[in-house]
Amino acid sequence: CNINSVPVYGKMLYFDFIYIILKKEKKQSYRQMAAKTEEGNMADTYKYEYYATDKLLNSLSVYNTGYEKCHPGYQWGPGIRDHYLIHHVIRGKGSYVLEGRMYHLNAGDTFLLFPNVEASYRADEEEPWEYAWVGFAGTDAYSMIANTDFSKENPVLDQRQISDELFRKIQA
């Protein structure tokens, strides 16, 4: 799969999602959670996240967004989400397991969790990842994802598939 083969509608949707999750604006609606070391200083791991309080049945609703620099070995799951969840790896490494298949991910890779499908992901012990995410659902969510290169058989877009256009947009 190649991001250039995605229909324009799906490509713009994908670019917009990645743009949303990578834009590093810290708004008052975000809550910061940071680990403290034993000495009381801030550790080098952190997490910013926002959760929608009203999950309305719209054609597309953003449920949550966030940005996290994980500690070595941090793991979520195995678990099941009730919505789609896109993660984009900014730095570091980790692994993602979907339906028994493991994917090894690096900076620049993007992965998708599907609703009602068991998955897990874990930060590398040596070079833990830093990522941003957006969770969403709605009556149009499935058709929007269907217009991208994401599928249950291909839940990862690697860094070679993401165009320079996206990175220029993010840096703006």
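Please read these numbers as outputs of a predicted model, since none were measured by experiment. (Residues numbered from 1 in each chain as written. Predicted model: local features only at pLDDT ≥ 70, side-chain atom pairs only at ≥ 80, totals over all residues. Heavy atoms only, no water.)

## Some thoughts on the overall build of the protein chain
(1) Moving on: Assigned secondary structure in the protein chain consists of three helices and eleven strands.
(2) Moving on: Going from the N terminus to the C terminus, the protein chain shows its helices and strands as α-β-β-β-β-β-β-β-β-β-β-α-β-α.
(3) Moving on: Considering the protein chain as a whole, with its 172 residues, one finds that 46% of them fall into the buried category.
(4) Moving on: Partitioning the contacts of the protein chain with sequence separation of at least 6, the portion at a separation of at least 24 is 71%.
(5) Moving on: Roughly 9,500 Å² of accessible area belongs to the protein chain as shown, and the carbon and sulfur atoms make up 49% of that amount. (Helix = DSSP H or I, 4+ residues; strand = E, 2+ residues; numbered from the N terminus. Buried < 20%, exposed > 50% of the residue type's maximum accessible area, 1.4 Å probe, protein only. Contact = heavy atoms within 4.5 Å. Areas by Shrake-Rupley, 256 points an atom, 1.4 Å probe, with all protein chains shown as cover.)

## Looking at the environment of E126
(1) Moving on: Assignment of secondary structure puts E126 in the loop between β9 (118-123) and β10 (130-137).
(2) Moving on: On the accessibility criterion, E126 (74% relative accessible area) is exposed.
(3) Moving on: Separated by 53 residues in sequence, E126 and G73 have C-alpha atoms that sit 8.5 Å apart.

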